[in-house]
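# Survey of secondary and tertiary structure
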Amino acid sequence: MNRTTVSLIAGTAALAAVTGFATLSPPQAAGTARTAAELPVERTSLLCPAPSSSDIAETSYTSFTPVTKGAASGGKAELQAAGAQSDGKSAGKKSGKPVLEPEEPGKPATGDTSGGDAPALVGTAEGRFAPGWTVQETTKVAAGSGRGLQGVNCSAPDTEFWFPGASTAADRTDYVHLTNPDDSAAVVDIELYGKNGALDSTLGESITVAPHSSDPILLSTLTEEKQENLTVHVNVRSGRVGAAVQALDDKLGGDWLAASTDPSGSLVLPGIPKDATAVRLVAFTPSDSDADLKVQLASPSGLITPAGNETLHVKAGMTTSADLGDVTRGEAGSLVLTPTDASVPVVAALRVVRGKGDDQETAFIPATRPVGTRATVADNSAKGTTLSLTAPTRAATVKVTASAGSKGGEAVSKTFTLKAGTTENVEAPTPTGLKGTYALTVEHVSGGPVYGARTLAATADGVPGFTIQTLPDDRGMVAVPEADQDLSVLQKQTG
């Protein structure tokens, strides 16, 4: 029995180091300190949704892996069309030419597609390419529903997602994109929650997503109700998928709505553009209890309370919204939500509008995890990139690195100190001799938690567009217990 237990601990530790998906907490003897080594992950997966059905859409993909000390040698990263992941004869055997295949960590790799038949992508990174691997999908749509700039960080497969801020209103066309990277089918439930609770629908139950495929599910086909603000819950019964909501508006452009961070008592929604003309907060609690949230804006001068929106009452199981108007009033800002009862979890997102009249465009900011040890965002350009950082509770210091350019240039780093309760649009560095696009990596140096977001702005055929991506921790490191200590602890416990 002792040998079996020892083998199980060693095997689980090895799995954690390889996949990055597990953290082992072994049994401990009384008085024994817990120690664990932070090791780079050795394999990771990312999924990119099909970008657009528009024939005039132009999509670019940018892959980047930061250089990580202690990372495994060798390895590779590649993105393939979901349907090319298997040849249909031998499960898992890849076929077809990769859409994107980076050459080395520390330098972005780019690829492009055009037209409305671009597929969803399935990607894997191994060895030195795995820790912190990030892929940005950016689409320009010059006209039609959802016109403007649409961007999304390709995400890891998971089993549950929350999307507050979706809609089935008459002027909205929202799709939930589900991508299955595995050799077996995934079974998914899609639940919709409106202002009065769950919407009646049986069509969202037991949706089958075939192996190595992607399905866009139109929300309006799941219910007859037309509601302006919805929360979408994607729950995977078997298997795992990547999920993202594509929100297309007839008048206000469109963008991708990424999943909110897991339900939590306190939430931060960073990087509201200083020139936002309309901001809407959408929140939901899956709890059986109502949530009362204190609403604050972290501005360059500190935390302030928006007049008329000091608090938000979120009824259990019902989606609640609040129009905050031009809440930033020409300054950088992030929304901070704190509960009166921390035991009631909440998810939230912001719909942000810039411009006026026919030149309006929309983007979304979901509640997100802090930067943590390190966070990265790709596809930045010399013009049109804004990096927003906030330290909601305590002062903090971060190091920001601009990578080498995709076509040339050298990396540059710069350190910033943020005051407690503030948001700053920092003057992020750009690579020396930049050619092409580059990645920005934010590393936490000291102090309290930091949250971040990056805004890309561009004009296509005279129509201004923008998209916002948050900067959560890249989870490039995994805690693996020290093998020697684990064995000694186990020997003390078993005699």
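As shown above, the structure is provided for reference.
The sections below set out a description of the structure shown in this document. Not measured: the values here are computed from a predicted model. (Residues numbered from 1 in each chain as written. Predicted model: local features only at pLDDT ≥ 70, side-chain atom pairs only at ≥ 80, totals over all residues. Heavy atoms only, no water.)

## Notes on the state of the cysteines
A covalent bond bridging the sulfur atoms of two cysteines is what the word disulfide describes. Rules: Only a pair of cysteine sulfur atoms within 2.5 Å qualifies as a disulfide here. In DSSP terms, a helix is any run of H or I states spanning at least four residues, a strand is any run of E spanning at least two, and both are numbered starting from the N terminus. A 1.4 Å probe rolled over the protein chains alone gives each residue an accessible area, and that area as a share of the maximum for its type sets the label: buried under 20%, exposed over 50%, partly exposed in between.
Tallied over the full model, the rule gives one disulfide. Between Cys48 and Cys154 runs a disulfide, and the two sulfur atoms are separated by 2.0 Å. Here Cys48 and Cys154 share a disulfide; its torsion about the S-S bond, 110 degrees, makes the bridge right-handed. With Cys48 in strand S2 (residues 43-48) and Cys154 in the loop between strand S8 (148-153) and strand S9 (160-166), this pair connects stretches of sequence that are 106 residues apart. Pair check on accessibility: Cys48 and Cys154 agree, each one buried.

## Here's the deal with the side chain of Gln227
Stated formally: Here a polar contact is recorded for every N or O atom pair within 3.5 Å, except that within protein the pair must consist of a potential hydrogen donor and a potential acceptor, and residues adjacent in sequence are included only if both atoms are side-chain atoms. Only heavy atoms matter for contacts: two residues are in contact if any of them lie within 4.5 Å across the pair.
On the secondary structure map, Gln227 appears in the loop between strand S14 (213-218) and strand S15 (230-238). We classify Gln227 as buried; its relative accessible area is 8%. Polar contacts involving the side chain of Gln227 include one to the main-chain amide nitrogen of Lys195, which spans 3.0 Å. The contacts of Gln227, once residues within four sequence positions are left out, are Ser167, Thr168, Ala169, Gly194, Lys195 and Leu199.

## Topic: the nonpolar core
Heads up, the rule is: We call a set of buried Ala, Val, Leu, Ile, Met, Phe, Trp, Tyr and Cys residues a nonpolar core when their side-chain atoms join them within 4.5 Å.
Counting residues in hydrophobic clusters, the biggest one holds 29 residues, and the most contacted among them are Leu269, Ile272, Leu281, Leu312, Leu335, Leu337 and Leu350. If you tally residues by element for this core, the top one is strand S20 (residues 291-299), at four residues. Discounting residues that sit within four places of it in the chain, Leu269 has contacts with Ser334, Leu335, Leu337, Ala348, Ala349, Leu350, Ile365, Pro366 and Ala367. In this structure, Ile207, Ile217, Val236 and Val245 belong to the second largest nonpolar core, which totals 26 residues.

## Quick notes on the sheet that holds strand S6 (residues 121-126)
Condition: DSSP-based pairing: two strands are paired if at least 2 bridges between them are found. Think of each axis as a best-fit line through the C-alpha atoms, taken over the contacting stretch in the case of a helix, with angles from 0 to 180 degrees between the N-to-C directions.
Spatial strand order, S2-S6-S4: three strands in an open sheet with antiparallel pairing. Whereas interior strands pair on both sides, the edge strands pair on one side only; in this sheet they are S2 and strand S4 (77-81). Each adjacent strand pair in this sheet contributes to an overall mean axis angle of 15 degrees, direction not counted. Where S4 meets S6, five bridges bridge the pair, whose relative direction is antiparallel. Across the sheet, the residue bridging to Gln80 is Val122, located in S6.

## Considering the sheet that holds S8
The strand order across the open sheet formed by four strands is S5-S3-S7-S8, and the pairing between neighbours is antiparallel. Edge strands, defined here as strands with exactly one partner in the open sheet, are strand S5 (109-114) and S8. The sheet shows a mean angle of 15 degrees between the axes of neighbouring strands, taken without regard to direction. Across six bridges, strand S3 (residues 58-64) lies against S5 in antiparallel orientation. For Ser63, the partnering residue across the bridge sits in S5 and is Ala109.

## Focus: the packing of aromatic side chains
The line we're drawing: Between the rings of Phe, Tyr and Trp (Trp by its six-membered ring), a pair exists once the centres lie within 6.5 Å; its type follows the angle of the planes, with under 30 degrees stacked, over 60 edge-to-face, and the other angles tilted. Both a distance and an angle decide whether a charge sits over a ring: NZ of Lys or CZ of Arg must be within 6 Å of the ring centre and within 35 degrees of the ring normal.
In this structure the tally under the stated criterion is three aromatic pairs. When the ring of Phe161 is compared with that of Phe163, the centres are 6.3 Å apart and the planes differ by 15 degrees; the resulting orientation is stacked. Given a relative accessible area of 7%, Phe161 falls into the buried group. Taking 4.8 Å as the distance between ring centres and 40 degrees as the angle between the ring planes, the aromatic pair formed by Tyr193 and Phe284 counts as tilted. Of this pair, Tyr193 sits in strand S11 (residues 186-194) while Phe284 sits in strand S19 (residues 278-284), and the two are 91 residues apart along the sequence. Take Tyr193: its relative accessible area is 16%, and that puts it in the buried class. For Phe284, a relative accessible area of 1% translates into the label buried. An aromatic cluster of at least three residues, connected via ring pairs, comprises Trp162, Tyr193 and Phe284. Between Arg354 and the ring centre of Phe466, over which it is positioned, the NZ or CZ distance is 4.9 Å.

## A closer look at the pairing of S15
The two faces of the sheet receive side chains in turn, since in a regular strand these alternate between them. Across six bridges, the pairing between S9 and S15 is antiparallel. For Glu160, the partnering residue across the bridge sits in S15 and is Asn235. Of the strand pairs in this sheet, S11 and S15 are connected by seven bridges, and their pairing is antiparallel. Pairing of Asp189 across the sheet is with Asn235, part of S15.

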